[in-house]
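# Examining the three-dimensional arrangement
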Amino acid sequence: MTKKYKKLFDLSGKVAIVTGSSRGIGASIAEALAEFGASVVLSSRSKEAVDEVANKIQENGYDAMACECHVGEEDHLKNLIDTTLKKYDKIDILVNNAGINPVFDRLENADEKLFNKIMDINVKAAFKLSNMAMKHMKNNKSGSIINISSVEGQKPDKGLGVYSISKAAISMLTKSQAKEWGKYGIRSNAICPGLIKTKLSSALWQNEEMLELWLKDLPIRKAAEPEEISGIAVYLASEASSYTTGETFNVDGGYMIN
Ligand SMILES: NC(=O)c1ccc[n+]([C@@H]2O[C@H](COP(=O)([O-])OP(=O)(O)OC[C@H]3O[C@@H](n4cnc5c(N)ncnc54)[C@H](OP(=O)(O)O)[C@@H]3O)[C@@H](O)[C@H]2O)c1
């Protein structure tokens, strides 16, 4: 029997950039894309940390390289694109994953500096890097952009106001990219994780009371591991999702049902 459908997920020959891939969801997505055959360029502010993940991927027999990239720095973004093109000559997949949530506080306590910092990293960086990658995807008449948004962008929690605003913006960026760039063969989709056990969300899942509150009405009564986001990322990166664009996918244990 021919394996017509398995091939749909094959990423052999594809080149992927994943921002914020030194740990957590980004590292797991990078590992998964590599395991499905892609050459993956990992990046974060710490070259040492991304080197470690890239080395692990290589030791497992897959192709990866690391590049230092603070997504708030324009020259770092340009260097990430240039480094990728120098080594692989194209960009097929871009995962805008790097994200921050430096505070849990009420909206009225957030000053402009904090607002700008969250917007710069969570929204502006994805906007800029996508625009840079898009030119090369357009030339190849093909590309998949995956933006990591959040359920917080649809249903805000107290204390996460500015973060929620940034994630709502990323979901709309996704729809705009899909609408404008579909004609160039570029698809853009967003993943909205629920509570995933990473450093970013540690204040939630490492605090028993907070965790209980979160899990109380959650249909799947647990916080997820980063690996539980990787399957949808492989789908969105691959030909399996060739007719999917402008969509946001909740991977949240049923959080958005409530
Ligand atoms: N965990 C959750 O429950 C959850 C839920 C919904 C959405 N998300 C989203 O998922 C994405 C990944 O977060 P995570 O949960 O995996 O958090 P994490 O484990 O803290 O990882 C964050 C990643 O982003 C990188 N990063 C932070 N600031 C950066 C910057 N200025 N430039 C480049 N890289 C930067 C970090 O690397 P360095 O420190 O080495 O730079 C790290 O690799 C984020 O967009 C987050 O908003 C997470």
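Presented here is a report on the structure given in the accompanying data block.

Quick notes on the rules
Residues numbered from 1 in each chain as written. Predicted model: local features only at pLDDT ≥ 70, side-chain atom pairs only at ≥ 80, totals over all residues. Heavy atoms only, no water. Phe/Tyr/Trp six-rings, centres within 6.5 Å; stacked < 30°, edge-to-face > 60°. Lys NZ or Arg CZ within 6 Å of the ring centre and 35° of its normal. Near = heavy atom within 4 Å. Polar contact = N/O pair within 3.5 Å; in protein donor to acceptor, adjacent residues only side chain to side chain. Areas by Shrake-Rupley, 256 points an atom, 1.4 Å probe, with all protein chains shown as cover. 1 Å grid on protein atoms, 1.4 Å probe; cavity = no way out; pocket = protein on both sides within 12 Å on 5 of 7 lines; lining within 4 Å. Sits in = over half its atoms within 2 Å of the grid points. Axes fitted to C-alpha atoms, helices over the stretch in contact; angles between N-to-C directions. Helix = DSSP H or I, 4+ residues; strand = E, 2+ residues; numbered from the N terminus. Parallel < 35°, antiparallel > 145°, perpendicular 65-115°, else oblique. Left-handed = near helix turned anticlockwise from the far one by under 90°. Contact = heavy atoms within 4.5 Å. Nonpolar A, V, L, I, M, F, W, Y, C, P; charged D, E, K, R; others polar. Expected span 1.5 Å × (residues − 1). Buried < 20%, exposed > 50% of the residue type's maximum accessible area, 1.4 Å probe, protein only. Points joined across faces, edges and corners; volume = space filled by probe spheres on them. Patch = residues over 30% accessible without salt bridge, like charges linked within 9 Å, V, L, I, M, F, W, Y side chains within 5 Å. Salt bridge = Lys/Arg side-chain N within 4 Å of Asp/Glu carboxyl O.

The next point concerns the packing of aromatic side chains. With the rule as written, the count across this model stands at two aromatic pairs. The aromatic ring of Tyr 255 is capped on one face by Lys 155, whose charged end is 4.2 Å from the ring centroid.

Attention now moves to the site of the ligand. The environment of the ligand is made up of 30 residues, and the closest members are Ser 44, Arg 45, Asn 97, Tyr 163 and Thr 198. In this structure, Ser 44 approaches the ligand through a side-chain N or O atom, which is 2.7 Å from an oxygen atom. One of the side-chain N or O atoms of His 70 is found 3.4 Å from a nitrogen atom in the ligand. Taken by itself the ligand offers 890 Å² of open surface, and the protein chains cover 96% of this. Cavity membership is defined here by more than half of the atoms lying within 2 Å of grid points; on that basis the ligand lies in the largest pocket.

The next thing to look at is the packing of helix H1 (residues 24–35) against helix H8 (residues 230–237). Direction vectors running N to C along H1 and H8 enclose 50°, while the axes themselves pass 9 Å from each other. Of the possible angle classes, the one that applies to H1 and H8 is oblique. Once H1 is placed against H8, the crossing between them reads as right-handed. Contact with H1, carried on its side by Ser 28, Ile 29, Ala 32 and Leu 33, involves Ser 230, Ala 233, Val 234 and Ala 237 of H8 and no other residues of that element. For the contact of H1 with H8, a count of residues per class yields six nonpolar, two polar and no charged.

With 12 residues, H1 ought to run about 16 Å at 1.5 Å a step, and its terminal C-alpha atoms sit 17 Å apart, in line with that. Of all the 12 residues making up H1, nine are buried; the element is thus mostly covered by neighbouring parts of the structure. Of the positions making up H1, those classed as buried are Ile 25, Gly 26, Ala 27, Ser 28, Ile 29, Ala 30, Ala 32, Leu 33 and Ala 34. Following H1 by one or two positions, Gly 37 adopts a phi angle in the positive range, close to 115°.

Here we take up the layout of surface pockets. Quantified by volume, the largest pocket comes out at close to 1,100 Å³. Looking at the largest pocket, it is lined by 43 residues, and the ones nearest its centre are Arg 23, Ala 98, Gly 99, Ile 100 and Leu 200. At the level of secondary structure, the elements contributing two or more residues to the lining of the largest pocket comprise H1, helix H4 (112–140) and helix H5 (161–181). Partitioned by chemical class, the residues of the lining of the largest pocket number 19 nonpolar, 17 polar and seven charged. Estimates place the volume of the second largest pocket at around 300 Å³. If you trace the second largest pocket, you find 15 residues lining it, with Asp 157, Met 210, Leu 213, Trp 214 and Tyr 255 closest to the centre.

Further remarks concern a nonpolar patch on the surface. On the surface, Tyr 5, Leu 8, Phe 9 and Phe 36 cluster together to form a nonpolar patch covering roughly 380 Å² of accessible area. By secondary structure assignment, the location of Tyr 5 is in the segment before strand E1 (15–19). For Tyr 5, a relative accessible area of 58% puts it in the exposed group.

So, about the packing of H4 against H5. Viewed as axis vectors pointing N to C, H4 and H5 meet at an angle of 15°, and their least axial separation amounts to 9 Å. Judged by the inter-axis angle, H4 sits roughly parallel to H5. Every pair of crossing elements has a handedness; the one defined by H4 and H5 is right-handed. When H4 is examined against H5, the residues Phe 115, Ile 118, Met 119, Asn 122, Val 123, Ala 126, Phe 127, Ser 130, Asn 131 and Met 134 are found in contact with a partner set consisting of Val 162, Tyr 163, Ile 165, Ser 166, Lys 167, Ala 169, Ile 170, Leu 173, Gln 177 and Trp 181. Grouping the constituent residues of the contact of H4 with H5 by class yields 14 nonpolar, five polar and one charged.

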